[in-house]
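Structural description and commentary
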Amino acid sequence: QVQLVESGGGSVQAGGSLRLSCAASGGTSSNYAMGWFRQAPGKEREFVAAISLSGINTYYAASVKGRFTISRDNAKNTVYLQMNSLKPEDTALYFCAVKRSGTNYYSPSNFGSWGQGTQVTVSS
């Protein structure tokens, strides 16, 4: 069973950047497509970005496209989320997960092995 640990969150001002990392242990993330999701207080968990097993195909929520970049290093069993031009509405707890089923990269129900999350706070 793959276990995921997110890191790299923090507090930044609007316009700043952060890079999140998601490290896999107890298995290899290179066998799976991976995704990043986020959840703000009082809101449902929402899709942010996903990457195919090979890393060739990437998918983004409209709200982050052009500002965030997902990538992976299969040799390190790590997936990254580079976040630029951050906005206060990006404030949330960010999770990574393994894609377990289905063809829809955007639905949290197709993902599992969720990490504990890393907090991102963007101030105006």
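Our subject is the structure that appears above.
The following refers to the structure shown.

**Section: the pairing of strand β7 (residues 68-73)**
- In β7, alternate side chains face the same way, and those of F68, I70 and R72 are buried while those of T69, S71 and D73 on the opposite face are not.
- The pairing of β7 with strand β8 (residues 78-83) spans 6 bridges and is antiparallel. In the sheet register, S71 faces β8, and the bridge partner there is Y80.
- Linkage of β7 to β8, two consecutive antiparallel strands, is achieved through a turn of 4 residues, within which N77 is found at a positive phi near 50 degrees.

**Things to note about the sheet that holds strand β3 (residues 18-25)**
- An order of β1-β3-β8-β7 is seen for the 4 strands of this open sheet, with the pairing classed as antiparallel. In this open sheet, the two strands that pair with only one neighbour each are β1 (3-7) and β7. Adjacent strand axes in the sheet meet at a mean angle of 15 degrees, parallel and antiparallel pairs treated alike.

**Here's the deal with the state of the cysteines**
- Taken as a whole, this structure holds 1 disulfide when the rule is applied.
- Disulfide pairing places C22 opposite C96 at an S-S distance of 2.0 Å. One disulfide, between C22 and C96, carries an S-S torsion of 65 degrees and so falls in the right-handed class. Within this pair, whereas C22 is found in strand β3, its partner C96 is found in strand β9 (residues 92-99), the two being separated by 74 residues in sequence. Across the pair, exposure class does not vary: C22 and C96 are buried alike.

**Concerning the packing of aromatic side chains**
- Applying the stated criterion across every chain, the model contains 7 aromatic pairs.
- Between Y59 and Y106, the ring centres sit 6.2 Å apart and the planes meet at 80 degrees, which makes this aromatic pair edge-to-face. Here the residue Y59 occupies a position in strand β6 (residues 58-60), and Y106 occupies one in the loop between β9 and β10 (111-112), the gap between them amounting to 47 residues.
- Y106 gets classed as partly exposed once you look at its relative accessible area, which sits at 41%.
- The aromatic ring of F95 is capped on one face by R45, whose charged end is 3.8 Å from the ring centroid.
- The positively charged end of R100 is found above the aromatic ring belonging to Y32, 5.1 Å away from the centroid.

Parameters at a glance
- Residues numbered from 1 in each chain as written.
- Predicted model: local features only at pLDDT ≥ 70, side-chain atom pairs only at ≥ 80, totals over all residues.
- Heavy atoms only, no water.
- Buried < 20%, exposed > 50% of the residue type's maximum accessible area, 1.4 Å probe, protein only.
- Helix = DSSP H or I, 4+ residues; strand = E, 2+ residues; numbered from the N terminus.
- Pairing = 2+ DSSP bridges.
- Axes fitted to C-alpha atoms, helices over the stretch in contact; angles between N-to-C directions.
- Disulfide = S-S within 2.5 Å.
- Phe/Tyr/Trp six-rings, centres within 6.5 Å; stacked < 30°, edge-to-face > 60°.
- Lys NZ or Arg CZ within 6 Å of the ring centre and 35° of its normal.

Everything listed here is a matter of geometry and, on its own, says nothing about what the molecule does.
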